[in-house]
Amino acid sequence: DVKVTQSSRYLVKRTGEKVFLECVQDMDHENMFWYRQDPGLGLRLIYFSYDVKMKEKGDIPEGYSVSREKKERFSLILESASTNQTSMYLCASSEGVAWYGYTFGSGTRLTVV
Amino acid sequence: DQQVKQNSPSLSVQEGRISILNCDYTNSMFDYFLWYKKYPAEGPTFLISISSIKDKNEDGRFTVFLNKSAKHLSLHIVPSQPGDSAVYFCAASAQGAQKLVFGQGTRLTINP
């Protein structure tokens, strides 16, 4: 089974801190994604990457950046955390086209105080 | 611009009855549709999918119906069980696309 592992289940950070969320997948998938889940807003795409060192902005990239130095690892960076970035962050990976489906990690619940 | 919409934020159904979750889309280029199920503190897991060449797909208690002319799909769960209580997300993609577009989700509660 494909496994997508997010390094932290829960994080509490202070406003203004730089925050790193790490995601690792173990099945050599080409595509990796970062979403945030908020009540009433569903899953919104922050960034995705279709290859090492390649990235593309999603629907809500403001305040975030990403890094993909190795195929299996995709990091989400909050340059200066703000309270409106308190959310559930979900990493996903997929092989090829989207209709094959995604495999999601368990999520990181980030609280910015 | 919400291309995939789930207009019911929540749904409550009696155990053993049918649950019907609805999803509407606006982009006529969407060719594939998927349903994901999410429990609290877990990532979404794939449930069932359908391509636009079909109007129905079944997998055990789960059936997805697609009405292309109305740009509408629905997920039927029969019979509903307490373990079905979760948030359900509808997702869509165009042929060849690398990204899924998700709806807002519907929280389903199955009452004993």
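Everything below is about the structure shown above.
What counts and how
- Residues numbered from 1 in each chain as written.
- Chains lettered and ligands numbered in written order.
- Predicted model: local features only at pLDDT ≥ 70, side-chain atom pairs only at ≥ 80, totals over all residues.
- Heavy atoms only, no water.
- Helix = DSSP H or I, 4+ residues; strand = E, 2+ residues; numbered from the N terminus.
- Rg over C-alpha atoms; globule rule 2.2 N^0.38 Å.
- Buried < 20%, exposed > 50% of the residue type's maximum accessible area, 1.4 Å probe, protein only.
- Contact = heavy atoms within 4.5 Å.
- Pairing = 2+ DSSP bridges.
- Salt bridge = Lys/Arg side-chain N within 4 Å of Asp/Glu carboxyl O.
- 1 Å grid on protein atoms, 1.4 Å probe; cavity = no way out; pocket = protein on both sides within 12 Å on 5 of 7 lines; lining within 4 Å.
- Points joined across faces, edges and corners; volume = space filled by probe spheres on them.
- Nonpolar A, V, L, I, M, F, W, Y, C, P; charged D, E, K, R; others polar.
- Core = buried A, V, L, I, M, F, W, Y, C linked by side-chain atoms within 4.5 Å.
- Axes fitted to C-alpha atoms, helices over the stretch in contact; angles between N-to-C directions.

**Q** Help me understand the overall build of chain B in this model?
**A** Counting its secondary structure elements, chain B contains zero helices and 11 strands. Written out in order from the N terminus, the α and β elements of chain B read β-β-β-β-β-β-β-β-β-β-β. In terms of overall size, chain B behaves like a compact globule, its C-alpha atoms giving a radius of gyration of 13 Å where 112 residues would be expected to give roughly 13 Å. Seen through its principal axes, chain B has C-alpha atoms that stretch 40 × 30 × 20 Å. Within chain B, buried positions represent 45% of all 112 residues. Contacts spanning at least 24 positions in sequence make up 55% of the contacts within chain B whose residues lie at least 6 apart.

**Q** Looking at this structure, how should I read the pairing of strand β4 (residues 31–38) of chain A?
**A** Within a regular strand, side chains alternate between the sheet's two faces. All names here are of chain A. Judged by how many residues are buried, β4 sits mostly within the fold: eight of eight residues are covered. In β4, alternate side chains face the same way, and those of Asn31, Phe33, Tyr35 and Gln37 on one face and Met32, Trp34, Arg36 and Asp38 on the other are all buried. Where β4 lies against strand β9 (residues 87–94), seven bridges are found, and the strand directions are antiparallel. Each bridged residue has a counterpart across the sheet, and for Trp34 the counterpart in β9 is Cys91. As defined by bridge partners, β4 adjoins strand β5 (residues 42–51) across seven bridges and the pair is classed as antiparallel. Bridge pairing links Asp38 to Gly42 in β5. In sequence, β4 turns back onto β5 through a hairpin of three residues, with Gly40 there showing a positive phi of about 80 degrees.

**Q** Looking at this structure, how should I read the pattern of salt bridges?
**A** Two side chains that carry opposite charge are able to pair once their charged atoms sit near each other. Scanning the model with the defined rule gives eight salt bridges over all chains in all. One network of salt bridges, with partners in common, ties together Arg36(A), Asp38(A) and Arg44(A).

**Q** What exactly am I supposed to notice about the layout of surface pockets here?
**A** Where empty space is left in the structure can be found by rolling a water-sized probe over the atoms. Each pocket or cavity is described by its volume, and for the largest pocket that value is around 470 Å³. If you go around the largest pocket, you meet 23 residues; those closest to its centre are Gln37(A), Asp38(A), Pro39(A), Val87(B) and Arg107(B). When residues of the lining of the largest pocket are assigned to their parent elements, the largest contribution, three residues, is made by strand β9 (residues 86–94) of chain B. In terms of residue class, the lining of the largest pocket is built from nine nonpolar, 10 polar and four charged.

**Q** Sorry if this is basic, but what is going on with the nonpolar core here?
**A** A general tendency of soluble globular proteins is for nonpolar side chains to be buried together. Counting residues in each nonpolar core, the largest one holds 23 residues, and the members touching the most others are Phe33(B), Trp35(B), Leu73(B), Leu75(B) and Tyr88(B). Within the residue set of this core, elements represented by two or more residues are β3 (19–25), β4 (30–38), β5 (45–51), β7 (62–67), β8 (72–77), β9 and β11 (106–111) of chain B. With four residues, the top contributor of residues to this core is β9(B). Excluding residues that lie within four positions of it along the chain, Tyr88(B) makes contacts with Gln6(B), Leu21(B), Trp35(B), Tyr36(B), Lys37(B), Leu47(B), Leu75(B), Ile77(B), Gly105(B), Thr106(B) and Leu108(B). With 20 residues, the next largest nonpolar core counts Ile60(A), Phe74(A), Ala81(A) and Leu110(A) among its residues.

**Q** Can you walk me through the sheet that holds strand β7 (residues 64–70) of chain A in this structure?
**A** Sheets are built from strands paired through backbone hydrogen bonds, the pairs being either parallel or antiparallel. Residue and element names in this part refer to chain A. The strand order β1-β3-β8-β7 describes an open sheet built from four strands, whose pairing is antiparallel. In this open sheet, the two edge strands, each paired with only one partner strand, are β1 (4–6) and β7. Across the sheet, the axes of successive neighbouring strands diverge by a mean angle of 20 degrees, strand direction being ignored. As paired elements, β1 and strand β3 (residues 19–25) share three bridges and run antiparallel to each other. When the sheet's bridge partners are listed, Thr5 is paired in β3 with Val24.

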